[in-house]
Amino acid sequence: MIVKDKTILIMGIRNKWSIAYGAAQAAYEQGAKLLFLFRGEENRSKIEDLVSEFGDAKAYECDLSEDENIKRAFEEIKKDYGKIDGILHSIAHANTEDLHNDFIETSKEGFAHANDVSAYSLVATCRIAKELDLLSSNASIICLTYYGSTKMLPGYNVMGVAKAALECSVRYLAENLGKEGIRVNAISAGPVKTLSAKGIKDFASIMDVVEERAPLKKNITAKQVGNTAAFLFSDMSDAITGQVIYVDSGYSIMGI
Ligand SMILES: NC(=O)c1ccc[n+]([C@@H]2O[C@H](COP(=O)([O-])OP(=O)(O)OC[C@H]3O[C@@H](n4cnc5c(N)ncnc54)[C@H](O)[C@@H]3O)[C@@H](O)[C@H]2O)c1
C-alpha cells in the first residue's frame with residue numbers, strides 16, 4: 001500500500017478507457033483516498049457512477065481552460081478535504097481539423113487552444129493549488145505526455161507542440177515548487193485506445209508499430225501507466241522531480 005493515507009485528485013476521467021481511470025484503479029489499490037475532476041456538468045451522473053467503485057470519492061466539474069474555474073473547483077476541494085497529497089493532470093484537447101490536416105495548416109486559434117488546454121492548464125493548476133495552499137508539503141503532481149513531443153508523428157501535429165510545452169513546463173514547475181518539497185513529473189505513455197486517441201489519424205497503425213518494434217513487443221495498458229503514477233505519488237519516489245518517465249514498452253529507445 002504505497003499511497004496509503006494520501007488524498008489524490010484525479011483530473012481528466014471521462015470513461016473506463018481513460019488513462020485517468022487506470023491511474024485511479026492503481027492508486028485506489030495502493031490505499032489512496034481519491035477525488036475526481038471531470039468536464040461538463042451534463043456528464044455528472046455518468047462520472048459519479050464510474051467513480052462509485054473508488055469508495056466515497058467526490059467528483060467536481062471543471063473546464064480547465066479558464067483559471068477562474070480551476071480556482072472555484074480547488075476552493076471547493078480545499079473546503080471539503082483540506083490539503084491534498086497529489087494531483088494527476090490527464091487532460092488534453094486539440095481541434096479535430098488540426099489533427100487531420102497537415103501541421104502547417106494549424107490556425108493561430110487552434111494552436112493557442114491546444115496549448116491552452118493541454119499545457120498551460122498544468123501551469124495554472126500548480127499556481128492556483130499553491131496560492132490556495134491546497135498541497136501538502138510533500139505533494140506530487142503528475143501529467144501525461146507522449147513521444148510526439150520529441151519526434152514528428154504524422155497526425156499528432158499541434159498536440160506534439162503542446163506536449164513539448166507541457167514537458168518543458170514540468171521542469172520549470174519542478175524548480176519553482178521544489179523548495180516546498182512538492183514534486184512535478186510527466187509520464188510519457190505509449191499509445192492506449194481511449195476516446196482522445198481516436199481523434200489521432202492512423203492511431204491503429206501506431207499501435208501496430210509499437211507491438212512490432214518495442215523491446216517488450218506489446219502495447220501498454222492504462223493500468224500500467226497508473227502503476228507508475230502510484231509510484232510517483234508515493235514517498236518511494238521522493239527524490240524524483242522534473243522528469244519525463246516513459247511507460248511505453250521501451251519503444252522510445254529504438255533507433256529503427
Ligand atoms: N491515449 C494515448 O495514447 C495517450 C498517450 C500518451 C499520453 N496521453 C495523454 O493522456 C491524457 C489523458 O488522455 P486519454 O487518452 O486518457 O483520453 P480521455 O479522452 O479519456 O481523457 C482526456 C480528458 O481530458 C479532458 N479534457 C479535455 N479538455 C478539457 C478541459 N478544457 N477541461 C477539463 N478537462 C478537459 C476530457 O474531458 C477527458 O476526461 C492526455 O493528456 C493525453 O494526451 C494519451
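Computed from a predicted structure; not experimentally measured. (Residues numbered from 1 in each chain as written. Predicted model: local features only at pLDDT ≥ 70, side-chain atom pairs only at ≥ 80, totals over all residues. Heavy atoms only, no water.)

1. With respect to the site of the ligand
Item 1. Around the ligand sit 27 residues in total, of which S18, K163, V192, T194 and S196 are the nearest.
Item 2. Between the ligand and the protein, one listed contact pairs an oxygen atom with a backbone N or O atom of G12 at 2.9 Å.
Item 3. Within the side chain of S196, one N or O atom sits 2.6 Å away from an oxygen atom of the ligand.
Item 4. When the ligand sits alone it has 820 Å² of accessible area, and the protein chains cover 95% of it.
Item 5. Of all the secondary-structure elements, those providing two or more residues to the shell around the ligand are β5 (135-145) and α7 (195-198).
Item 6. Across the shell around the ligand, the residue classes break down as 14 nonpolar, nine polar and four charged. (Near = heavy atom within 4 Å. Polar contact = N/O pair within 3.5 Å; in protein donor to acceptor, adjacent residues only side chain to side chain. Areas by Shrake-Rupley, 256 points an atom, 1.4 Å probe, with all protein chains shown as cover. Helix = DSSP H or I, 4+ residues; strand = E, 2+ residues; numbered from the N terminus. Nonpolar A, V, L, I, M, F, W, Y, C, P; charged D, E, K, R; others polar.)

2. Focus on the sheet that holds strand β6 (residues 183-189)
Item 1. Read from one edge of the open sheet, seven strands run β3-β2-β1-β4-β5-β6-β7, paired in parallel fashion. Only two strands of the sheet have a single partner each, and these edge strands are β3 (59-61) and β7 (244-247). Adjacent strand axes in the sheet meet at a mean angle of 20 degrees, parallel and antiparallel pairs treated alike.
Item 2. Summarising the sheet, β5 and β6 pair through six bridges and their orientation is parallel. Across the sheet, residue I141 finds its bridge partner in β6, namely V184.
Item 3. The strands that helix α5 (residues 108-131) touches are β1 (7-11), β4 (84-89) and β5; relative to β4, the one it contacts most, it runs at about 170 degrees. (Pairing = 2+ DSSP bridges. Axes fitted to C-alpha atoms, helices over the stretch in contact; angles between N-to-C directions. Contact = heavy atoms within 4.5 Å.)

3. Observations regarding the pattern of salt bridges
Item 1. Scanning all chains against the criterion turns up 15 salt bridges.
Item 2. Among the ionic pairs, K6 bridges to D235, the shortest N-O distance being 2.9 Å. Of the two residues, K6 is situated in the segment before β1 and D235 in the loop between α9 (222-233) and β7; the sequence distance between them amounts to 229 residues.
Item 3. Using a relative accessible area of 8% as the deciding quantity, one classes K6 as buried.
Item 4. Under the relative-accessibility criterion, D235 is labelled partly exposed at 38%.
Item 5. Residue R39 pairs with D63 through a salt bridge whose shortest N-O separation is 3.6 Å. Here R39 is found in the loop between β2 (33-38) and α2 (44-51), whereas its partner D63 is found in the loop between β3 and α3 (67-81), with 24 residues between them in sequence.
Item 6. A relative accessible area of 56% places R39 in the exposed class.
Item 7. What makes D63 partly exposed here is its relative accessible area of 24%.
Item 8. Here the salt bridges share partners, and the residues they tie into one network are E41, R44 and E48. (Salt bridge = Lys/Arg side-chain N within 4 Å of Asp/Glu carboxyl O. Buried < 20%, exposed > 50% of the residue type's maximum accessible area, 1.4 Å probe, protein only.)

4. A word on the packing of aromatic side chains
Item 1. For the structure on display, the rule yields five aromatic pairs.
Item 2. Members of the aromatic cluster, joined through ring pairs, are Y21, Y28, F36 and F54. (Phe/Tyr/Trp six-rings, centres within 6.5 Å; stacked < 30°, edge-to-face > 60°.)

5. Quick word on helix α1 (residues 19-29)
Item 1. Counting buried positions over the eleven residues of α1 gives eight, a clear majority of the element.
Item 2. Buried within α1 are the following residues: I19, A20, Y21, G22, A23, A24, A26 and A27.
Item 3. Backbone geometry just after α1 places G31 at a positive phi near 100 degrees.

6. So, α5
Item 1. In α5, a bend of some 45 degrees at Y120 exceeds every other bend along the element.
Item 2. Downstream of α5 by a residue or two, D133 has a phi angle that is positive, lying close to 55 degrees. (Bend = angle between axes of the 7 residues up to and from the residue.)

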